[in-house]
Amino acid sequence: MINTNAGKPGGGTCGKGGKTMGLGKRAAALLCAAWIAVCCTGCDSLILGDTDALMRPPRPTGDKAGIHELLEQTAGANFTFKYPAGGDNRSAIIMQDLTGDGTQEAIALYEKEETSSTGVNIMFIYKVDGVWTSMGSFASAATQVDRVLFGDVNGDSLPETVVGWGSGQSGVSSVSVFSLAQEDGMLRMAETKLEQNYSRLLVMDFDGDGADEIFTATVSMGEQPAQARLLRMRGGAIELLGSCAIDSAVTSLTAASGGLLGPEQPGVLLDGAKATNTFVTEVVYWDQKSRTLVSPFLNQETQTVETTQRSLNITSRDINGDKILELPMVNLLPGTPTQNASDTAYLTDWHQYDAGTNTLVRVMSTVTNSTDGYWFLIPDMWKDQITTEQDVSDRSLCFKRWIAPEENRAGGRSGVTLLEIRVFTADQWGEEQEAEGYFQILTNNNLIYAGRIPFPDNSLAMSENDVRNSFKLITQE
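A short tour of the structure in this document, coming up. Here the structure is a predicted model, which is why all the values come from computation and not from measurement. (Residues numbered from 1 in each chain as written. Predicted model: local features only at pLDDT ≥ 70, side-chain atom pairs only at ≥ 80, totals over all residues. Heavy atoms only, no water.)

1. Some details on the sheet that holds strand 7 (residues 145-151)
To keep things clear, this is the line we draw: Strand pairing requires that DSSP identify at least two bridges connecting the strands. Counting from the N terminus, the helices are the DSSP runs of H or I reaching at least four residues and the strands are the DSSP runs of E reaching at least two. Axis angles are defined between N-to-C directions and span 0 to 180 degrees, where every axis is a line fitted to C-alpha atoms and, for a helix, only to the segment in contact.
With respect to topology, four strands assemble into an open sheet ordered 7-8-9-10, the strand pairing being antiparallel. Because the sheet does not close on itself, it has two edges, and the strands there are strand 7 and strand 10 (186-194). Adjacent strand axes in the sheet meet at a mean angle of 25° when their direction is disregarded. Note: strand 9 (residues 172-183) against strand 10, nine bridges, orientation antiparallel. When the bridges of strand 10 are listed, S176 appears paired with K193.

Here it is in structure tokens:
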């Protein structure tokens, strides 16, 4: 892959055609942006300075007004909402059926107005005879909420509320589990605390028993080892179901994806960062035969994972939409310098984990262009046959045939362009682009993602429909 930042005379990066914005227009746009920034500097304190004001709750109407009134009675009129930093539930008021009656209760996260109160509070609210009523409020010493999760972790067929307090990435975190109880004929919530730090927190059914477990993963920090733990609630207490060591060289867990590793194997893919520009994915799952939590790729001697190590920060996901998680393994495309290569210089092979054979199985390969926000599915006929060339200045990415002997694939040269993908604004797009052979792949947010196939008769050329089907915006995942 060759990354060129200078535009070519006559248009596009990959041969003929293409229209780029002139330097004069670009300079004018930059000057205009700079002038606006200067003129608006005096407005910063007015627009952005009072962040607490932005967190103050709006006055709701209708059915939700009673929730706001109850919070004011409890916390004071000037309470502020606190929003979870991660997870699927990012609202300060989360609606969830906690009682199993088909109606939703409310979970509110807030900070009281008193200066002596420095922690986050949580209140559980339900309706009694049409009136929103507290099921219990609890104070935390944490100043932020990491995430709020739901799952049946005590086996009572009702969802418990699992709250991660603090920040998992800072190492200052704790977990509370809130479960339903009855007191004097009234519904109440009870809190069970898990006094341990975590870097990543998940709730899902790991062992297939129909109830959920709490999964935590921690990086090595001081005397705290790098460890994954599986926990559940029984008899009102949290008990350890199993634990295993994980990569001790990981300094930060960048992501944790829970779900199916195979058709019938649940588990977690932990993405972590090691030294500079070194990343790894760790597989962790519950082994039904041994009844233990395992990390199959961990080298027991070095306490590290080498199998999935890579130099590109790309995270695991269900890349192909088959409900099974895939992990990435990357390789530089031929003709690319190893220093400062962009993500378009890498071929990413996506693998699923087969627990039965303890192997990784490739399911597809992609090239990602994070600058322009898309990835492209590489057809099997292009395997070991291509390299890429990116021109950031005119937002083009070209897939070029790689010509090299079989015995020395790295010692070849780039040949004809098989496909060019280029991003135009709506104002730039017109009949001239179509006359130059560009066709529309996708239109999104005033941008036109276009393709061009300079040599359609080449044995490796794709059809226009195949190009459209292989293109996907990163925001659509």
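2. Re the sheet that holds strand 11 (residues 200-204)
A sheet is described by the order of its strands in space; here four strands give the open sequence 11-12-13-14, paired in antiparallel fashion. Each edge of the open sheet is held by one strand with a lone partner, namely strand 11 and strand 14 (237-245). This sheet shows a mean twist of 20° between the axes of neighbouring strands, independent of strand direction. In this sheet, strand 13 (residues 227-234) lies alongside strand 12 (residues 213-218) in antiparallel orientation, the contact comprising five bridges. Bridging across to strand 13, I214 finds its partner in L231.

3. Focus: the side chain of N121
To keep things clear, this is the line we draw: In protein, a polar contact requires one atom able to donate a hydrogen and another able to accept it; more generally it is a pair of N or O atoms within 3.5 Å, and residues adjacent in sequence count only if both atoms are side-chain atoms. The contact definition used throughout considers only heavy atoms, calling two residues in contact when any of these lie within 4.5 Å.
If you trace the backbone, N121 turns up in strand 5 (residues 121-128). In terms of polar contacts, N121 uses its side chain to reach the backbone carbonyl oxygen of G119, at 3.5 Å. Setting aside anything within four residues of it in sequence, one finds N121 in contact with A108, L109, Y110, E111, K112, F138 and A139.

4. Observations regarding the environment of Y285
Relative to the elements of secondary structure, Y285 occurs in strand 17 (residues 279-287). Separated by 57 residues in sequence, Y285 and A228 have C-alpha atoms that sit 9.8 Å apart.

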